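The lines below spell out each chain.
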Amino acid sequence: NAGVTQTPKFRILKIGQSMTLQCTQDMNHNYMYWYRQDPGMGLKLIYYSVGAGITDKGEVPNGYNVSRSTTEDFPLRLELAAPSQTSVYFCASSYHRGAENIQYFGAGTRLSVL
Amino acid sequence: AQKVTQAQTEISVVEKEDVTLDCVYETRDTTYYLFWYKQPPSGELVFLIRRNSFDEQNEISGRYSWNFQKSTSSFNFTITASQVVDSAVYFCALSSWLSNFGNEKLTFGTGTRLTIIP
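This one's a predicted model, so the numbers in the text were calculated from it and none came from an experiment.

Rules and cut-offs
Residues numbered from 1 in each chain as written. Chains lettered and ligands numbered in written order. Predicted model: local features only at pLDDT ≥ 70, side-chain atom pairs only at ≥ 80, totals over all residues. Heavy atoms only, no water. Helix = DSSP H or I, 4+ residues; strand = E, 2+ residues; numbered from the N terminus. Rg over C-alpha atoms; globule rule 2.2 N^0.38 Å. Buried < 20%, exposed > 50% of the residue type's maximum accessible area, 1.4 Å probe, protein only. Contact = heavy atoms within 4.5 Å. Buried area = accessible area lost by both parts, 1.4 Å probe. Salt bridge = Lys/Arg side-chain N within 4 Å of Asp/Glu carboxyl O. Polar contact = N/O pair within 3.5 Å; in protein donor to acceptor, adjacent residues only side chain to side chain. Nonpolar A, V, L, I, M, F, W, Y, C, P; charged D, E, K, R; others polar. Disulfide = S-S within 2.5 Å. Pairing = 2+ DSSP bridges.

What follows deals with the overall build of chain B. Across its full length, chain B holds zero helices and twelve strands. Ordering the α and β elements of chain B from the N terminus gives β-β-β-β-β-β-β-β-β-β-β-β. The C-alpha radius of gyration of chain B comes to 14 Å, within 12% of the 13 Å expected for a compact globule of 118 residues. Expressed as lengths along the three principal axes of its C-alpha atoms, the size of chain B is roughly 50 × 30 × 25 Å. Within chain B, the proportion of its 118 residues that are buried is 47%.

Have a look at this one:
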């Protein structure tokens with residue numbers, strides 16, 4: 001049972017480069033999320049999706065883009081990477097509010113922008 | 001606005017001691033959920049417990065127990081007879097309504113780093 005899978009685990013980018021962080025879940029969850037975790041801080045929501053084709057901004061969306069073409073995949077795109085985007089990125093998924101609103105997280109992607 | 005405060009940044013205890021991690025939250029919602037997640041040194045986030053705002057019963061799971069007190073807006077986590085494997089960063093989180101589609105956002109505290117000394 002894979003759950004939420006994130007790739008890559010680690011990445012170093014140069015300022016101005018772009019990359020896509022991959023996230024796949026096999027639990028048939030309709031809701032998916034991207035968070036970032038800065039040192040000594042809690043997680044902050046970047047973007048979320050409530051289903052294929054529907055996405056919206058979270059608290060800290062600037063510098064990122066997302067798409068959701070399938071239920072399983074929710075990639076996060078960084079355009080023109082900046083040092084402020086150095087962070088650990090977590091993808092999560094959940095079923096729906098109420099009975100099954102637990103968010104399950106992937107193992108994270110550690111990104112450094114130099 | 002939602003807020004979660006974990007005032008204890010770091011705690012160290014000797015193995016087999018009991019330890020309590022504090023969590024205080026702020027919300028204007030009448031219905032909400034509280035969560036605890038564990039982040040071991042390997043970095044992943046592991047779900048531990050979810051508590052509905054209408055259910056103030058304490059919960060025990062093995063060496064873990066949780067005390068939810070709505071009157072003081074607290075949701076504390078106690079580990080009994082701590083073990084080295086309990087060493088991790090523990091996050092408390094609060095859910096809030098995110099969109100008309102019914103999904104929720106989690107507001108996280110800044111975490112408590114727990115070190116169990118053998």
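That was the structure; now back to the text.
Frequently, the measure chosen for interface size is the accessible area removed from exposure when the parts meet. On the side of chain A, 24 residues touch chain B, which itself brings 23 residues to the contact. A buried area of about 2100 Å², summed over both sides, lies between chain B and chain A, and 57% of it is on carbon and sulfur atoms. At the junction of chain B with chain A, the criterion picks out one salt bridge. The partner of Lys105 of chain B in a salt bridge is Glu59 of chain A, and the shortest N-O contact between them spans 3.7 Å. Taken together, the connections running from chain B to chain A amount to four residue pairs in polar contact (both at pLDDT 80 or more). Elements with a minimum of two residues in the side of chain B that touches chain A: β5 (33–39), β6 (46–52), β10 (88–97) and β11 (104–108) of chain B. Class assignment of the residues belonging to the side of chain B that touches chain A gives a composition of eleven nonpolar, eight polar and four charged.

The next subject is unusual backbone geometry. Note: most peptide bonds trans; most residues except glycine with negative phi. Residue and element names in this part refer to chain A. Each neighbour pair has its own omega, and for Thr7 with Pro8 the value is -5 degrees, a cis peptide bond. Along the polypeptide, Pro8 turns up in the loop between β1 (4–7) and β2 (10–13). In the Ramachandran plot, Leu80 falls in the positive-phi region, its phi being about 55 degrees despite a non-glycine side chain. On the secondary structure map, Leu80 appears in the loop between β8 (76–78) and β9 (87–94). According to the relative accessible area criterion, Leu80 is exposed, its value standing at 65%.

Right, let's get into the side chain of Arg51 of chain B. All names here are of chain B. Along the polypeptide, Arg51 turns up in strand β6. A polar contact is formed between the side chain of Arg51 and the side chain of Asp55, at a distance of 2.8 Å. For Arg51, the residues in contact, after removing those within four places along its chain, are Tyr32, Tyr33, Leu34, Gln57, Asn58, Glu59, Phe68 and Phe75.

All names here are of chain B. Enumeration over the complete set of coordinates arrives at two disulfides over all chains. One disulfide bridge connects Cys23 with Cys92, the sulfur atoms lying 2.0 Å from each other. Between Cys23 and Cys92 the disulfide shows an S-S torsion of about -65 degrees. By sign, it is left-handed. One end of the pair, Cys23, is in the loop between β3 (19–21) and β4 (24–26); the other, Cys92, is in strand β10, with 69 residues separating them in the sequence. Both residues of the pair, Cys23 and Cys92, belong to the buried class.

Moving on: the pairing of strand β9 (residues 74–79) of chain B. Residues and elements named next belong to chain B. The buried count for β9 comes to five of six residues, which makes it a mostly enclosed element. Here three bridges tie β3 to β9, and the two strands are oriented antiparallel to one another. Bridge assignment links Leu21 to a residue of β9, and that residue is Phe77. Of the pairings in the sheet, the one linking strand β8 (residues 64–69) to β9 comprises six bridges and is antiparallel in character. Along β9, the bridge assignment pairs Trp66 with Phe77. Linking β8 to β9, which pair antiparallel, is a turn of four residues; within it Ser73 sits at a positive phi near 50 degrees.

This next bit is on the pattern of salt bridges. All names here are of chain B. In the structure shown here, the tally under the stated rule is six salt bridges over all chains. Across the pair Glu59 and Arg51 runs a salt bridge, and its minimum N-O distance is 2.7 Å. In this structure, a network of salt bridges that share partners links the residues Arg51, Asp55 and Glu59.

On their own, these measurements won't tell you what the molecule is for.
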